[in-house]
Amino acid sequence: QVQLVESGGGLVQPGGSLTLSCTASGSIFIIYAMRWYRQAPGEQRELVAAATSANTTNYADSVKGRFTISRDNAKNTVYLQMNSLKPEDTAVYYCNAVVRPRAGSPSYNYWGQGTQVTVSS
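Examining the side chain of glutamate 6
Right, so step 1: By secondary structure assignment, the location of glutamate 6 is in strand E1 (residues 2-7).
Right, so step 2: No salt bridge forms around the buried glutamate 6; measuring N to O, its nearest opposite-charge neighbour arginine 45 is 7.8 Å away.
Right, so step 3: A polar atom in the side chain of glutamate 6 sits 2.6 Å from the backbone nitrogen of cysteine 95.
Right, so step 4: Here the side chain of glutamate 6 touches glycine 114 through a polar contact of 2.6 Å, landing on its backbone nitrogen.
Right, so step 5: Setting aside anything within four residues of it in sequence, one finds glutamate 6 in contact with Ser21, Cys22, Trp36, Tyr93, Tyr94, Cys95, Gly112, Gln113, Gly114 and Thr115.

Given below as structure tokens:
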């Protein structure tokens, strides 16, 4: 089994910054993509940013130039640096990872429990 644990959410004023982190633990042979999603009340979950194991990244248009995703593969950890935060960034942020638990096994999609980010004055 693989667990993803997120941290770093909280309340921040518009224009402020936060850094989220997500660490994977458990039975891990290799982690492929690691992603951040978010879900605002009444909205569908949306992809915010993704990073491959080779650190190729992509971003939602709404966060380009403001958010940066990065990985520390040695620590099985992905980060999301969020700058110039706006009220519309308010959401629960979820970590997602595609993991092969053992050599020769299939890969599976895992989710963290989510961390709340609130941008408000």
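Concerning the packing of aromatic side chains
Right, so step 1: Tallied over the full model, the rule gives two aromatic pairs.
Right, so step 2: Centroid distance tyrosine 37 to tryptophan 111: 4.9 Å. Interplanar angle 55°. Geometry classified as tilted. Here tryptophan 111 lies in strand E10 (residues 108-111) and tyrosine 37 lies in strand E4 (residues 30-39), a separation of 74 residues in the sequence.
Right, so step 3: Judged by its relative accessible area of 18%, tyrosine 37 is buried.

Section: the sheet that holds strand E7 (residues 67-72)
Right, so step 1: Within the open sheet, the four strands sit side by side as E1-E3-E8-E7. Their pairing is antiparallel. A single partner strand is all that each edge strand has here, and the edge strands are E1 and E7. In this sheet, neighbouring strand axes are inclined to one another by 15° on average, regardless of whether the strands run parallel or antiparallel.
Right, so step 2: Bridge count between E1 and strand E3 (residues 18-26): six bridges; the pairing is antiparallel. Across the sheet, valine 5 pairs through a bridge with threonine 23, a residue of E3.

Structural notes on the environment of arginine 35
Right, so step 1: Structurally, arginine 35 is set in strand E4.
Right, so step 2: For the pair arginine 35 and serine 21, spaced 14 residues apart in sequence, the C-alpha to C-alpha distance is 11 Å.
Right, so step 3: Setting aside chain neighbours within four positions, we find arginine 35 in contact with Leu47, Ala49, Ala50, Tyr94, Cys95, Asn96, Val98 and Asn109.

Some thoughts on the pairing of strand E9 (residues 91-100)
Right, so step 1: The element E9 is extensively covered by neighbouring structure, given that eight of its ten residues are classed as buried.
Right, so step 2: Judged from the eight bridges that link them, E4 and E9 form a sheet pairing that is antiparallel. Bridge pairing links methionine 34 to alanine 97 in E9.
Right, so step 3: As judged from the three bridges shared by E9 and strand E11 (residues 115-119), these two strands associate in the antiparallel manner. Opposite alanine 91, over in E11, you have valine 117 as the bridge partner.
Right, so step 4: Note that E9 and E10 share four bridges and pair antiparallel.

Criteria and cut-off values
- Residues numbered from 1 in each chain as written.
- Predicted model: local features only at pLDDT ≥ 70, side-chain atom pairs only at ≥ 80, totals over all residues.
- Heavy atoms only, no water.
- Helix = DSSP H or I, 4+ residues; strand = E, 2+ residues; numbered from the N terminus.
- Buried < 20%, exposed > 50% of the residue type's maximum accessible area, 1.4 Å probe, protein only.
- Lys, Arg positive; Asp, Glu negative; His and termini not counted.
- Salt bridge = Lys/Arg side-chain N within 4 Å of Asp/Glu carboxyl O.
- Polar contact = N/O pair within 3.5 Å; in protein donor to acceptor, adjacent residues only side chain to side chain.
- Contact = heavy atoms within 4.5 Å.
- Phe/Tyr/Trp six-rings, centres within 6.5 Å; stacked < 30°, edge-to-face > 60°.
- Pairing = 2+ DSSP bridges.
- Axes fitted to C-alpha atoms, helices over the stretch in contact; angles between N-to-C directions.

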